[in-house]
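# Tertiary structure, described
Read off the chains here:
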Number of protein chains: 2
Amino acid sequence: MEHEEVRIQRHSLEDFCRKIFQQLGVSEENAATASEVLVAADAWGIPSHGTGRLWRYVNGLKSGQMLPDAPFEILRETPASLVINANGAMGAPVSVRAMNMIIDKAKTNGSAFGCVRGSNHFGIAGYYAKMALNANMIGIAMTNTAALGVPTFGRQVMFGTNPLAFAAPADKEVAFLLDMSTTVVTRGKVEVYERLDKELPDGWAVDKTGRPAKDARSMLDDMQNRVGGGLLPLGGMGKAFGGHKGFGLAVMVDILTGVLSGASFGQGVFDTEESSARVSHFFGAIDISRFRDPDDFRRDMDDMLREIRRSPPAEGEEQVYFAGLPEMEKERENNRIGVPLLKKTYEGICAIGKEQGIQCPEPISIS
Amino acid sequence: MEHEEVRIQRHSLEDFCRKIFQQLGVSEENAATASEVLVAADAWGIPSHGTGRLWRYVNGLKSGQMLPDAPFEILRETPASLVINANGAMGAPVSVRAMNMIIDKAKTNGSAFGCVRGSNHFGIAGYYAKMALNANMIGIAMTNTAALGVPTFGRQVMFGTNPLAFAAPADKEVAFLLDMSTTVVTRGKVEVYERLDKELPDGWAVDKTGRPAKDARSMLDDMQNRVGGGLLPLGGMGKAFGGHKGFGLAVMVDILTGVLSGASFGQGVFDTEESSARVSHFFGAIDISRFRDPDDFRRDMDDMLREIRRSPPAEGEEQVYFAGLPEMEKERENNRIGVPLLKKTYEGICAIGKEQGIQCPEPISIS
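Sequence order as written defines the numbering, with residues in each chain counted from 1. As a convention, the first chain written is A and the first ligand written is 1, with the rest following in written order. Under the rules for a predicted model, residues below a pLDDT of 70 receive no local features and side-chain atom pairs below 80 are neither given nor counted, while totals for whole chains, interfaces and linings still include all residues. Just so you know, side-chain values use all the structure's heavy atoms and leave hydrogens and water out.

If you look chain A up in an unreviewed UniProt entry, it shows as LDH2 family malate/lactate/ureidoglycolate dehydrogenase from Spirochaeta isovalerica. The UniProt entry for chain A carries the following comment under Sequence similarities (unreviewed entry): "Belongs to the LDH2/MDH2 oxidoreductase family." UniProt positions are given in the numbering used here, feature names are shortened, and annotations may be inferred rather than shown by experiment.

Residue and element names in this part refer to chain B. A pair of strands counts as paired when DSSP detects no fewer than two bridges linking them. To qualify as a helix, a DSSP run of H or I must reach at least 4 residues; to qualify as a strand, a run of E must reach at least 2; elements of each kind are numbered from the N terminus. Overall, mixed pairing links the seven strands, which are arranged β2-β3-β4-β10-β5-β6-β7 in an open sheet. Each of the sheet's edge strands pairs with one partner strand only, and the pair in question is β2 (73-78) and β7 (176-180). Direction aside, the axes of adjacent strands within the sheet are offset by 10° on average. With five bridges joining them, strand β6 (residues 164-168) and β7 adopt antiparallel strand pairing. Paired with Ala167 across the two strands is Leu177, which belongs to β7. Note on definitions: a residue-residue contact is assigned when non-hydrogen atoms from the two residues lie within 4.5 Å. Each axis is a line fitted through C-alpha atoms, and for a helix only the stretch in contact is used; angles between axes span 0 to 180 degrees, taken between their N-to-C directions. Against the sheet, helix α4 (residues 91-109) touches β2, β3 (81-85), β4 (111-119), β5 (137-143) and β10 (279-287), its axis set at about 30° to β10.

The parts lose accessible area when they come together, and the size of an interface is often stated as this lost area. Opposite the 80 residues of chain B that make contact, chain A presents 80 residues. Summed over both sides, the interface of chain B with chain A buries roughly 6600 Å², with 71% coming from carbon and sulfur. Buried area is a sum: the accessible area each of two parts loses on coming together, probed at 1.4 Å, counted once for each and added. Its largest share of buried area at the contact with chain A, chain B owes to B:Phe153, B:Lys245 and B:Phe291, together 11% of the area lost on that side. A side-chain nitrogen of Lys or Arg and a carboxyl oxygen of Asp or Glu constitute a salt bridge if their distance falls within 4 Å. Connecting chain B to chain A are two salt bridges. In this structure, the salt-bridge partner of B:Arg211 is A:Glu315, at a minimum N-O distance of 2.5 Å. Any N or O atom pair separated by 3.5 Å or less is treated as a polar contact, with the protein-specific requirement of one donor-capable and one acceptor-capable atom, and with residues adjacent in sequence counted only for side-chain atom pairs. Applying the counting rule to chain B against chain A returns 28 residue pairs in polar contact (both at pLDDT 80 or more). Among the elements that make up the side of chain B that touches chain A, the one with the highest residue count is helix α8 (residues 243-259) of chain B (eleven residues).

What follows is the structure, given as structure tokens:
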């Protein structure tokens with residue numbers, strides 16, 4: 001029951017979200033961008049960042065946490081760099097604009113980087129990194145988030161799930177597209193265990209004393225109330241499996257997003273009951289043609305990615321995947337047969353539609 | 001016994017290594033640079049990359065794997081980029097030169113990146129990332145290595161331990177300096193377990209079938225002979241603890257080093273009994289002043305790093321450290337009381353000294 005799905009044509013789902021955002025005061029252009037990024041997550045098979053979050057965006061826009069069409073402000077700009085204050089706007093539209101500016105700068109400058117501060121949830125980091133590919137560039141995107149992660153040997157949250165994305169183009173193979181949080185898991189995963197009343201595996205999170213957290217409910221409460229405890233960095237508990245490396249990566253993302261943009265970082269980024277944190281993003285593009293012929297680069301990427309894809313699987317496994325391959329395979333399929341939404345998600349967005357007077361998109365099939 | 005240590009003045013140890021390299025045909029300048037980077041590893045408390053490796057460098061120079069003073073060749077250069085062919089030279093001298101060129105370029109261009117191909121072991125990646133700090137820049141350094149890592153769901157080595165380093169300056173605090181391999185552990189760690197005849201912990205490595213490897217000896221043999229098996233990426237086995245993230249990071253490093261420089265990558269980088277792999281490096285620098293006043297940046301970094309350092313430790317732990325803090329604390333101490341070498345390492349370098357007619361440096365104290 002809980003996993004019943006419906007499928008909706010991608011453009012119908014985008015249209016629906018766009019109309020909702022417009023209804024809440026967002027301009028047509030920005031609403032279209034925000035919808036495209038949101039639905040891309042569902043299309044790529046990352047429902048945690050898809051239309052299941054629509055209600056949060058709606059609440060954000062209603063409460064003034066996200067300001068519809070807040071004018072973004074360029075705080076600093078050089079041929080190599082860009083710092084933008086989003087002034088509380090939705091994350092996706094300002095991020096797409098920033099990434100496009102970075103790509104243009106990298107065309108002239110060879111490489112360029114930019115920060116966006118005072119922003120909100122921008123969806124999947126990989127969306128922005130991927131934008132660089134058509135320009136024969138390597139793309140980079142990161143964001144900090146509300147502090148949910150506990151340092152190695154610590155017991156208090158000091159950094160976010162801080163995802164980083166990296167994209168590099170291939171030719172016949174789909175692009176390499178890494179998009180990863182720097183914590184072992186995200187809060188959403190722990191919430192699933194809470195709903196199922198399942199014990200947390202060792203290595204995902206610690207409790208308020210800094211010991212492995214077993215009980216999802218109390219861990220989430222204590223983390224939310226800043227009593228102590230939180231998610232572990234990639235690599236898990238202590239140093240034996242490299243937890244200090246994931247911790248370092250999370251701080252690296254916080255430096256490039258929060259510190260480099262002059263905004264909040266670490267514990268200073270937090271959600272409350274009423275609103276979510278204002279966050280900062282980091283974007284970059286590196287022009288491959290400054291190093292070698294992009295066609296040769298793409299050909300070598302094909303070789304590398306094909307070798308990985310065809311490398312022998314472990315006993316009991318079917319295939320080895322490189323980062324981005326599962327997402328692009330899903331997208332191809334979902335563009336054809338419709339984007340899958342959990343029935344619960346579908347009912348949720350239809351309830352929003354009803355409230356806003358927007359007709360819910362018709363499902364293609366119910367399985 | 002095995003852990004008996006001697007301490008040697010840092011400059012005496014550097015002088016000794018320099019003389020050895022000169023004796024083997026390396027120019028005074030290059031020998032001095034190679035020694036400085038090698039000894040820095042011991043001074044920072046990373047003996048796996050220090051003078052314990054001197055015999056490998058000596059063997060490399062003797063066998064022609066490392067060519068003393070091979071002329072390096074600039075294959076491509078723009079204001080934003082650099083591609084160098086090291087032509088089989090020692091890794092450190094060409095890497096220091098490349099990083100200095102990148103930093104100079106970033107001064108004019110805002111950011112700059114470069115690759116070195118056809119190179120050898122360059123020591124600790126963090127050394128090069130750290131070079132950017134005095135110029136008020138963020139520093140980046142990576143290298144690929146011989147393939148020792150197994151992809152998520154795979155059973156054959158497809159990438160190296162591929163370390164990445166990232167440095168950002170602070171003011172009163174020591175700099176943030178992340179230097180991490182992208183596999184859970186390095187081969188050296190497994191070799192220690194082999195010597196101690198200890199069972200490998202789950203999550204470090206897989207055997208030739210792709211299942212968790214218990215026996216260090218057979219895992220190392222099978223990996224070396226490419227029968228199957230190898231080290232797991234950061235995040236360990238499968239996807240439950242984020243192994244696919246570490247795998248993605250390792251491939252990212254291979255793309256920026258091997259593919260971007262037009263050199264070997266993946267399985268194409270391998271050691272044989274006689275010689276070690278020719279590898280590629282990647283270096284980058286981003287000028288902070290293009291984003292904000294570097295003094296403000298450094299002040300915010302101080303706040304961030306101090307908050308981390310002072311955050312409450314888990315029960316049973318003494319302190320939370322940020323990346324780079326333990327290394328810089330050790331360096332300060334070792335500069336004062338001498339660089340520690342395992343007695344076995346000391347005896348090893350003295351044997352090399354005897355062979356090359358170079359007097360071994362006098363220990364300060366034997367503990």
